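If you want the building blocks of each chain, they are given just below.
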Amino acid sequence: MSKRDYYEVLGVARDADDKQLKSAYRKLAMKYHPDQNAGNGEAEEQFKEVGEAYAVLCDADKRAAYDRYGHAAFENGGGGGSPFGAGVNPEDIFQDLFSQVFGAGGFGGRRRGGPQRGSDLRYDLEITLAEAYFGKDETIHVPQAVPCEPCSGSGAAQGSTPEKCDMCDGHGRVRAQQGFFTMERTCPRCSGKGKVIRKPCKECGGAGQVREERKLSVKIPAGVESGMRIRLSGEGESGTAGGAKGDLYIFVDVVEHDIFERDGPNLYCRAPVPMATAALGGEIEIPTIDGGRAKVAIPEGAQTGRKLRLRGKGMPSVRSSGQTGDLYVEMFVETPQNLSARQKDILREFCDCSGADCHPESEGFLGRIKRFWSGHEDEKRAN
Ligand SMILES: [Zn+2]
Ligand SMILES: [Zn+2]
(Lines give C-alpha, C1' and ligand atoms only; values in the text may rest on other atoms or scores of the structure.)
(Ligands and ions follow the chains in the order given, each with its own letter.)
Protein backbone atom coordinates (compact mmCIF):
# COMPACT_ATOMS: atom_id res chain seq x y z
CA MET A 1 0.00 0.00 0.00
CA SER A 2 1.53 3.30 -1.01
CA LYS A 3 1.13 6.10 1.49
CA ARG A 4 0.04 9.55 0.47
CA ASP A 5 2.36 12.47 0.93
CA TYR A 6 1.66 14.17 4.29
CA TYR A 7 1.60 17.65 2.76
CA GLU A 8 -0.82 16.44 0.16
CA VAL A 9 -3.03 14.85 2.84
CA LEU A 10 -3.33 18.18 4.64
CA GLY A 11 -3.54 20.13 1.39
CA VAL A 12 -0.70 22.50 2.31
CA ALA A 13 2.50 23.67 0.60
CA ARG A 14 5.84 22.11 1.60
CA ASP A 15 6.90 25.34 3.26
CA ALA A 16 3.64 25.73 5.22
CA ASP A 17 4.17 27.24 8.67
CA ASP A 18 2.73 25.94 11.94
CA LYS A 19 -0.32 28.15 11.72
CA GLN A 20 -1.21 26.91 8.23
CA LEU A 21 -0.69 23.30 9.30
CA LYS A 22 -2.91 23.72 12.33
CA SER A 23 -5.62 25.44 10.37
CA ALA A 24 -5.59 22.75 7.66
CA TYR A 25 -5.66 19.98 10.26
CA ARG A 26 -8.46 21.67 12.18
CA LYS A 27 -10.68 21.78 9.11
CA LEU A 28 -10.04 18.21 8.01
CA ALA A 29 -10.19 16.67 11.50
CA MET A 30 -13.52 18.35 12.08
CA LYS A 31 -14.80 17.02 8.75
CA TYR A 32 -13.71 13.43 9.31
CA HIS A 33 -14.14 13.15 13.08
CA PRO A 34 -15.87 9.84 13.99
CA ASP A 35 -18.48 11.72 16.04
CA GLN A 36 -19.57 13.43 12.82
CA ASN A 37 -19.38 10.32 10.67
CA ALA A 38 -20.78 7.47 12.74
CA GLY A 39 -20.25 4.14 10.99
CA ASN A 40 -18.40 5.67 8.06
CA GLY A 41 -15.23 3.57 7.75
CA GLU A 42 -13.78 5.72 5.01
CA ALA A 43 -14.06 8.89 7.09
CA GLU A 44 -12.41 7.06 9.97
CA GLU A 45 -9.46 6.16 7.76
CA GLN A 46 -9.21 9.74 6.59
CA PHE A 47 -9.38 11.00 10.19
CA LYS A 48 -6.42 8.74 11.00
CA GLU A 49 -4.56 9.84 7.89
CA VAL A 50 -4.85 13.56 8.66
CA GLY A 51 -4.01 12.87 12.32
CA GLU A 52 -0.87 11.05 11.34
CA ALA A 53 0.15 13.73 8.82
CA TYR A 54 -0.36 16.49 11.34
CA ALA A 55 1.35 14.60 14.16
CA VAL A 56 4.47 14.29 12.03
CA LEU A 57 4.50 17.75 10.43
CA CYS A 58 3.78 19.70 13.63
CA ASP A 59 6.82 18.14 15.27
CA ALA A 60 9.99 19.89 14.01
CA ASP A 61 12.23 16.81 14.36
CA LYS A 62 9.80 14.44 12.69
CA ARG A 63 9.10 16.94 9.96
CA ALA A 64 12.81 17.35 9.22
CA ALA A 65 13.21 13.58 9.04
CA TYR A 66 10.20 13.26 6.77
CA ASP A 67 11.41 16.07 4.51
CA ARG A 68 14.73 14.26 4.10
CA TYR A 69 13.68 10.65 3.77
CA GLY A 70 9.97 10.67 3.13
CA HIS A 71 7.93 7.81 4.60
CA ALA A 72 11.13 5.76 4.65
CA ALA A 73 12.20 7.85 7.65
CA PHE A 74 9.82 5.87 9.81
CA GLU A 75 10.19 2.43 8.34
CA ASN A 76 13.07 1.27 10.50
CA GLY A 77 11.56 2.18 13.84
CA GLY A 78 9.88 -1.21 14.18
CA GLY A 79 6.47 0.34 13.78
CA GLY A 80 5.61 -1.19 10.44
CA GLY A 81 5.84 2.17 8.71
CA SER A 82 4.00 4.05 11.45
CA PRO A 83 5.84 7.14 12.68
CA PHE A 84 4.60 6.33 16.18
CA GLY A 85 6.46 3.07 16.63
CA ALA A 86 5.14 -0.24 17.82
CA GLY A 87 3.08 -0.65 20.96
CA VAL A 88 1.58 2.81 20.77
CA ASN A 89 -2.06 3.21 19.98
CA PRO A 90 -2.29 5.95 17.33
CA GLU A 91 -5.90 6.63 18.36
CA ASP A 92 -4.62 8.01 21.67
CA ILE A 93 -2.35 10.34 19.82
CA PHE A 94 -5.07 11.54 17.49
CA GLN A 95 -7.45 12.12 20.36
CA ASP A 96 -4.82 14.10 22.26
CA LEU A 97 -3.89 16.14 19.19
CA PHE A 98 -7.52 16.83 18.67
CA SER A 99 -7.92 18.02 22.26
CA GLN A 100 -4.87 20.27 21.94
CA VAL A 101 -6.19 21.90 18.80
CA PHE A 102 -9.84 22.16 19.80
CA GLY A 103 -9.48 22.46 23.55
CA ALA A 104 -10.50 19.93 26.16
CA GLY A 105 -14.21 19.41 26.47
CA GLY A 106 -14.63 20.92 23.03
CA PHE A 107 -15.91 19.06 20.06
CA GLY A 108 -15.05 15.43 20.62
CA GLY A 109 -12.00 16.33 22.65
CA ARG A 110 -11.53 14.28 25.80
CA ARG A 111 -8.64 15.11 28.03
CA ARG A 112 -8.09 12.52 30.68
CA GLY A 113 -7.12 13.38 34.19
CA GLY A 114 -7.63 17.15 33.97
CA PRO A 115 -10.34 19.05 35.83
CA GLN A 116 -13.79 17.94 34.75
CA ARG A 117 -16.99 19.87 35.18
CA GLY A 118 -19.65 18.03 37.20
CA SER A 119 -22.72 16.64 35.45
CA ASP A 120 -25.91 18.64 35.11
CA LEU A 121 -28.88 17.25 36.98
CA ARG A 122 -32.53 17.17 35.96
CA TYR A 123 -35.38 17.36 38.42
CA ASP A 124 -39.00 16.95 37.27
CA LEU A 125 -41.47 19.01 39.23
CA GLU A 126 -45.26 18.75 38.94
CA ILE A 127 -47.36 21.66 40.14
CA THR A 128 -51.04 22.57 39.96
CA LEU A 129 -52.41 25.42 37.87
CA ALA A 130 -53.24 27.36 41.04
CA GLU A 131 -49.64 26.94 42.23
CA ALA A 132 -48.47 28.19 38.85
CA TYR A 133 -50.79 31.18 39.32
CA PHE A 134 -49.40 32.21 42.69
CA GLY A 135 -45.82 30.97 42.28
CA LYS A 136 -44.40 28.60 44.85
CA ASP A 137 -41.53 28.06 47.24
CA GLU A 138 -40.72 24.42 46.81
CA THR A 139 -38.28 22.31 48.77
CA ILE A 140 -36.76 19.58 46.67
CA HIS A 141 -34.51 16.70 47.59
CA VAL A 142 -31.70 16.19 45.15
CA PRO A 143 -29.47 13.12 45.31
CA GLN A 144 -26.02 14.13 44.29
CA ALA A 145 -22.37 13.31 44.63
CA VAL A 146 -20.67 15.61 47.12
CA PRO A 147 -17.05 15.68 48.25
CA CYS A 148 -16.48 13.08 50.97
CA GLU A 149 -16.04 14.81 54.35
CA PRO A 150 -13.65 12.52 56.27
CA CYS A 151 -11.08 12.69 53.46
CA SER A 152 -12.01 16.18 52.19
CA GLY A 153 -12.53 14.71 48.76
CA SER A 154 -9.00 13.36 48.44
CA GLY A 155 -10.06 9.71 48.64
CA ALA A 156 -7.21 8.88 51.01
CA ALA A 157 -7.82 7.43 54.50
CA GLN A 158 -7.50 9.75 57.48
CA GLY A 159 -3.90 10.35 58.45
CA SER A 160 -2.70 9.67 54.92
CA THR A 161 -2.62 11.69 51.74
CA PRO A 162 -2.62 10.66 48.11
CA GLU A 163 0.96 10.15 47.08
CA LYS A 164 2.68 11.36 44.01
CA CYS A 165 2.55 8.67 41.33
CA ASP A 166 6.08 7.38 40.93
CA MET A 167 5.52 6.14 37.40
CA CYS A 168 4.83 9.61 35.99
CA ASP A 169 6.35 11.63 38.83
CA GLY A 170 3.03 13.37 39.33
CA HIS A 171 2.65 14.64 35.76
CA GLY A 172 -0.12 12.25 34.78
CA ARG A 173 1.70 11.65 31.49
CA VAL A 174 4.51 9.32 30.65
CA ARG A 175 7.05 9.68 27.88
CA ALA A 176 8.39 6.79 25.89
CA GLN A 177 11.24 6.82 23.45
CA GLN A 178 10.40 5.18 20.13
CA GLY A 179 13.18 5.36 17.57
CA PHE A 180 13.44 9.04 16.65
CA PHE A 181 10.42 9.99 18.66
CA THR A 182 9.45 10.81 22.15
CA MET A 183 5.81 9.89 22.72
CA GLU A 184 3.66 11.12 25.52
CA ARG A 185 0.64 9.31 26.80
CA THR A 186 -1.61 9.09 29.84
CA CYS A 187 0.06 7.41 32.79
CA PRO A 188 -1.44 3.91 33.11
CA ARG A 189 -0.79 3.68 36.87
CA CYS A 190 -2.68 6.81 38.00
CA SER A 191 -4.93 7.22 34.91
CA GLY A 192 -3.55 10.71 34.45
CA LYS A 193 -4.32 11.97 37.96
CA GLY A 194 -0.66 12.22 38.93
CA LYS A 195 -1.47 10.81 42.35
CA VAL A 196 -2.13 7.37 43.74
CA ILE A 197 -4.03 6.42 46.86
CA ARG A 198 -2.31 3.75 48.94
CA LYS A 199 -4.83 3.66 51.80
CA PRO A 200 -8.30 4.45 50.49
CA CYS A 201 -10.78 6.33 52.69
CA LYS A 202 -13.25 3.92 54.34
CA GLU A 203 -16.18 6.25 53.81
CA CYS A 204 -15.93 6.67 50.04
CA GLY A 205 -13.65 3.77 49.09
CA GLY A 206 -11.16 6.15 47.52
CA ALA A 207 -13.60 7.85 45.18
CA GLY A 208 -13.43 11.14 47.08
CA GLN A 209 -17.18 11.55 46.64
CA VAL A 210 -20.27 10.18 48.37
CA ARG A 211 -23.91 10.27 47.34
CA GLU A 212 -26.07 12.40 49.51
CA GLU A 213 -29.56 13.82 49.42
CA ARG A 214 -29.54 17.57 49.56
CA LYS A 215 -32.44 19.83 50.39
CA LEU A 216 -32.81 22.82 48.15
CA SER A 217 -35.42 25.52 48.28
CA VAL A 218 -36.50 26.71 44.90
CA LYS A 219 -38.60 29.70 44.00
CA ILE A 220 -41.06 28.79 41.27
CA PRO A 221 -42.10 32.06 39.63
CA ALA A 222 -45.76 32.97 39.22
CA GLY A 223 -47.01 32.27 35.69
CA VAL A 224 -44.65 29.37 35.05
CA GLU A 225 -45.72 27.13 32.15
CA SER A 226 -45.32 23.44 31.37
CA GLY A 227 -42.02 22.71 29.67
CA MET A 228 -40.21 25.63 31.26
CA ARG A 229 -36.85 24.94 32.84
CA ILE A 230 -35.46 26.68 35.87
CA ARG A 231 -31.69 26.64 36.04
CA LEU A 232 -29.95 26.58 39.39
CA SER A 233 -26.39 27.41 38.56
CA GLY A 234 -23.75 25.36 40.37
CA GLU A 235 -26.30 23.07 42.07
CA GLY A 236 -25.44 20.04 39.94
CA GLU A 237 -22.85 17.38 40.61
CA SER A 238 -19.43 18.24 41.93
CA GLY A 239 -16.63 18.35 39.40
CA THR A 240 -13.55 16.19 39.72
CA ALA A 241 -9.98 17.35 40.15
CA GLY A 242 -11.11 20.88 40.92
CA GLY A 243 -13.55 21.13 38.00
CA ALA A 244 -16.59 23.39 38.30
CA LYS A 245 -19.93 22.09 39.57
CA GLY A 246 -22.66 21.28 37.09
CA ASP A 247 -26.07 22.95 37.03
CA LEU A 248 -29.43 21.71 38.20
CA TYR A 249 -32.37 22.08 35.85
CA ILE A 250 -35.90 21.94 37.18
CA PHE A 251 -38.34 20.86 34.47
CA VAL A 252 -41.78 22.16 35.35
CA ASP A 253 -44.97 20.34 34.42
CA VAL A 254 -48.25 22.09 35.22
CA VAL A 255 -50.94 19.42 35.59
CA GLU A 256 -54.25 19.82 33.78
CA HIS A 257 -57.06 21.58 35.60
CA ASP A 258 -60.66 20.34 35.94
CA ILE A 259 -62.23 23.65 35.00
CA PHE A 260 -59.66 25.80 33.24
CA GLU A 261 -57.75 25.23 30.07
CA ARG A 262 -54.68 27.31 29.53
CA ASP A 263 -53.17 28.87 26.44
CA GLY A 264 -50.17 30.97 27.44
CA PRO A 265 -51.43 33.71 29.76
CA ASN A 266 -55.11 33.17 28.90
CA LEU A 267 -57.52 30.78 30.55
CA TYR A 268 -60.63 29.24 29.01
CA CYS A 269 -63.61 27.61 30.65
CA ARG A 270 -67.01 26.34 29.49
CA ALA A 271 -69.95 27.28 31.69
CA PRO A 272 -73.58 26.10 31.47
CA VAL A 273 -76.26 28.79 31.28
CA PRO A 274 -79.88 27.85 32.09
CA MET A 275 -82.14 28.14 29.04
CA ALA A 276 -84.29 30.84 30.65
CA THR A 277 -81.26 32.91 31.68
CA ALA A 278 -79.91 32.71 28.14
CA ALA A 279 -83.28 33.86 26.77
CA LEU A 280 -84.02 36.59 29.29
CA GLY A 281 -80.48 37.73 30.10
CA GLY A 282 -79.03 37.63 33.61
CA GLU A 283 -75.93 36.65 35.45
CA ILE A 284 -73.99 33.51 36.24
CA GLU A 285 -71.23 33.00 38.76
CA ILE A 286 -68.01 31.27 37.83
CA PRO A 287 -64.86 30.43 39.83
CA THR A 288 -61.55 32.15 39.13
CA ILE A 289 -58.09 30.57 39.36
CA ASP A 290 -57.15 32.68 42.40
CA GLY A 291 -59.88 30.85 44.35
CA GLY A 292 -62.41 33.68 44.06
CA ARG A 293 -65.66 34.06 42.14
CA ALA A 294 -66.64 36.32 39.31
CA LYS A 295 -70.06 37.32 38.02
CA VAL A 296 -70.57 37.09 34.28
CA ALA A 297 -73.37 39.11 32.69
CA ILE A 298 -75.35 37.07 30.16
CA PRO A 299 -76.89 39.27 27.49
CA GLU A 300 -80.53 38.67 26.51
CA GLY A 301 -80.87 36.04 23.77
CA ALA A 302 -77.27 34.73 24.12
CA GLN A 303 -76.51 31.53 22.21
CA THR A 304 -74.33 28.49 22.91
CA GLY A 305 -70.70 29.12 21.95
CA ARG A 306 -70.73 32.79 22.85
CA LYS A 307 -67.44 33.83 24.46
CA LEU A 308 -67.36 36.37 27.24
CA ARG A 309 -64.08 37.89 28.34
CA LEU A 310 -63.08 38.68 31.89
CA ARG A 311 -60.10 40.99 31.70
CA GLY A 312 -57.14 40.27 33.95
CA LYS A 313 -58.56 37.01 35.30
CA GLY A 314 -56.04 34.83 33.46
CA MET A 315 -52.50 33.82 34.43
CA PRO A 316 -49.74 36.24 35.35
CA SER A 317 -46.98 36.57 32.79
CA VAL A 318 -43.75 34.92 33.88
CA ARG A 319 -41.74 37.28 31.68
CA SER A 320 -43.26 40.69 32.31
CA SER A 321 -44.41 41.18 35.86
CA GLY A 322 -47.69 42.95 36.40
CA GLN A 323 -49.15 41.64 33.14
CA THR A 324 -51.98 39.20 33.39
CA GLY A 325 -53.94 37.29 30.78
CA ASP A 326 -57.72 37.13 30.44
CA LEU A 327 -60.31 34.52 31.29
CA TYR A 328 -62.65 33.55 28.45
CA VAL A 329 -65.92 31.97 29.42
CA GLU A 330 -67.60 30.02 26.65
CA MET A 331 -71.26 29.56 27.50
CA PHE A 332 -73.48 26.68 26.52
CA VAL A 333 -77.22 26.76 26.95
CA GLU A 334 -78.50 23.96 29.11
CA THR A 335 -81.83 22.29 28.33
CA PRO A 336 -83.86 21.79 31.53
CA GLN A 337 -84.81 18.26 32.65
CA ASN A 338 -87.38 16.72 35.06
CA LEU A 339 -89.95 19.46 34.53
CA SER A 340 -93.20 19.58 36.48
CA ALA A 341 -96.53 19.33 34.64
CA ARG A 342 -97.09 23.05 35.01
CA GLN A 343 -93.63 23.92 33.69
CA LYS A 344 -94.28 21.67 30.68
CA ASP A 345 -97.59 23.42 30.03
CA ILE A 346 -95.88 26.79 30.09
CA LEU A 347 -93.26 25.53 27.67
CA ARG A 348 -95.93 24.19 25.31
CA GLU A 349 -97.54 27.57 25.38
CA PHE A 350 -94.13 29.06 24.67
CA CYS A 351 -93.76 26.76 21.63
CA ASP A 352 -96.49 28.70 19.87
CA CYS A 353 -93.92 31.40 19.46
CA SER A 354 -92.17 30.84 16.16
CA GLY A 355 -90.81 32.78 13.23
CA ALA A 356 -87.61 34.54 12.26
CA ASP A 357 -87.74 37.03 15.12
CA CYS A 358 -87.90 34.41 17.81
CA HIS A 359 -85.63 31.65 16.41
CA PRO A 360 -83.23 33.24 13.92
CA GLU A 361 -80.95 30.18 13.75
CA SER A 362 -83.84 27.78 12.98
CA GLU A 363 -85.23 30.08 10.33
CA GLY A 364 -81.86 30.32 8.60
CA PHE A 365 -81.42 26.55 8.83
CA LEU A 366 -84.89 25.84 7.38
CA GLY A 367 -84.12 28.18 4.49
CA ARG A 368 -80.96 26.23 3.69
CA ILE A 369 -82.82 22.90 3.87
CA LYS A 370 -85.48 24.12 1.45
CA ARG A 371 -82.84 25.22 -1.05
CA PHE A 372 -81.06 21.84 -0.65
CA TRP A 373 -84.26 19.86 -1.38
CA SER A 374 -85.26 21.94 -4.36
CA GLY A 375 -81.74 21.49 -5.74
CA HIS A 376 -82.30 17.73 -5.61
CA GLU A 377 -85.62 18.06 -7.39
CA ASP A 378 -83.96 20.10 -10.17
CA GLU A 379 -81.27 17.46 -10.58
CA LYS A 380 -83.82 14.63 -10.80
CA ARG A 381 -85.75 16.47 -13.44
CA ALA A 382 -82.58 17.13 -15.43
CA ASN A 383 -81.68 13.41 -15.47
ZN1 LIG B 1 1.04 8.38 37.12
ZN1 LIG C 1 -13.52 9.74 51.60
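Residues numbered from 1 in each chain as written. Chains lettered and ligands numbered in written order. Predicted model: local features only at pLDDT ≥ 70, side-chain atom pairs only at ≥ 80, totals over all residues. Heavy atoms only, no water.

Things to note about the overall build of the protein
Next, step 1: Along its length, the protein carries nine helices and 15 strands.
Next, step 2: Split into buried and exposed, the 383 residues of the protein put 35% on the buried side.
Next, step 3: A sequence separation of at least 24 residues applies to 62% of the contacts in the protein between residues at least 6 apart. (Helix = DSSP H or I, 4+ residues; strand = E, 2+ residues; numbered from the N terminus. Buried < 20%, exposed > 50% of the residue type's maximum accessible area, 1.4 Å probe, protein only. Contact = heavy atoms within 4.5 Å.)

Observations concerning the nonpolar core
Next, step 1: Core analysis: the largest hydrophobic core is formed by 38 residues, its most contacted members being Ile127, Ile250, Ile286, Val296, Ile298 and Val329.
Next, step 2: Excluding anything up to four places from it in sequence, Val296 contacts Gly282, Glu283, Ile284, Ile286, Leu308, Leu310 and Val329. (Core = buried A, V, L, I, M, F, W, Y, C linked by side-chain atoms within 4.5 Å.)

Some points on the coordination of the zinc ion (ligand 1)
Next, step 1: Ligation of the zinc ion (ligand 1) by protein atoms is provided by Cys165 (SG), Cys168 (SG), Cys187 (SG) and Cys190 (SG), these donors lying 2.2 to 2.3 Å from the ion.
Next, step 2: Here the zinc ion (ligand 1) is ringed by four donor atoms whose angles at the metal span 103 to 118°, and the overall shape comes out tetrahedral.
Next, step 3: Counting the intervening residues between successive donors of the zinc ion (ligand 1) yields the motif C-x2-C-x18-C-x2-C.
Next, step 4: The exposure class of Cys168 is buried, given its relative accessible area of 4%. (Donors = N, O, S within 2.8 Å, 3.2 Å for Na, K, Ca; no water. Tetrahedral: all angles 85-135°; square planar, octahedral: opposite > 155°, others 65-115°.)

Here we look at the packing of aromatic side chains
Next, step 1: Using the criterion set out here, one finds five aromatic pairs in the structure.
Next, step 2: Ring geometry for Tyr268 and Tyr328: centres 5.2 Å apart, planes at 15°, overall stacked. Of this pair, Tyr268 sits in strand E11 (residues 266-274) while Tyr328 sits in strand E15 (residues 327-334), and the two are 60 residues apart along the sequence.
Next, step 3: The partly exposed category is assigned to Tyr268, whose relative accessible area is 28%.
Next, step 4: Taken together through their ring pairs, the aromatic side chains of Tyr6, Tyr7 and Tyr66 make up a single cluster.
Next, step 5: One Lys or Arg, Arg122, reaches over the ring of Phe251 and ends 3.7 Å from the middle of that ring. (Phe/Tyr/Trp six-rings, centres within 6.5 Å; stacked < 30°, edge-to-face > 60°. Lys NZ or Arg CZ within 6 Å of the ring centre and 35° of its normal.)

Details of the coordination of the zinc ion (ligand 2)
Next, step 1: In this structure, Cys148 (SG), Cys151 (SG), Cys201 (SG) and Cys204 (SG) serve as the protein donors to the zinc ion (ligand 2), at separations of 2.3 Å.
Next, step 2: Each donor residue of the zinc ion (ligand 2) lies on the same chain, and together they follow the pattern C-x2-C-x49-C-x2-C. Of this pair, Cys151 sits in the loop between strand E2 (136-147) and strand E3 (163-164) while Cys201 sits in the loop between strand E6 (195-196) and strand E7 (209-220), placing them 50 residues apart in sequence. The same class applies to Cys151 and to Cys201, which are both buried.

Considerations on the sheet that holds strand E14 (residues 307-310)
Next, step 1: Pairing is mixed across the open sheet formed by four strands, whose spatial order is E10-E11-E15-E14. The two strands at the open ends of the sheet, each matched to only one other strand, are strand E10 (261-263) and E14. In this sheet, neighbouring strand axes are inclined to one another by 30° on average, regardless of whether the strands run parallel or antiparallel.
Next, step 2: Relative to E15, E14 runs antiparallel, the two being bridged by four bridges. In the strand pairing of E15, Leu310 is matched with Leu327. (Pairing = 2+ DSSP bridges. Axes fitted to C-alpha atoms, helices over the stretch in contact; angles between N-to-C directions.)

Thoughts on the pattern of salt bridges
Next, step 1: Per the counting criterion, the structure on display carries 23 salt bridges.
Next, step 2: Measuring nitrogen to oxygen at the nearest pair gives 3.0 Å for the salt bridge that ties Asp247 to Arg231. Residue Asp247 is located in the loop between strand E8 (229-232) and strand E9 (248-254), and its partner Arg231 is located in strand E8; the two are separated by 16 residues in the primary sequence.
Next, step 3: Looking at Asp247, the relative accessible area reads 6%, which means it is buried. (Salt bridge = Lys/Arg side-chain N within 4 Å of Asp/Glu carboxyl O.)

Points about the packing of helix H3 (residues 41-57) against helix H4 (residues 60-69)
Next, step 1: One way to put it is that H3 packs onto H4 with a least axis distance of 6 Å and a crossing angle of 105°. Considering the angle they form, H3 stands roughly perpendicular to H4. Contacts between H3 and H4 involve Ala55, Val56 and Leu57 from the former and Lys62, Arg63 and Tyr66 from the latter.
Next, step 2: Across the contact of H3 with H4, the residue classes break down as four nonpolar, no polar and two charged. (Parallel < 35°, antiparallel > 145°, perpendicular 65-115°, else oblique. Nonpolar A, V, L, I, M, F, W, Y, C, P; charged D, E, K, R; others polar.)

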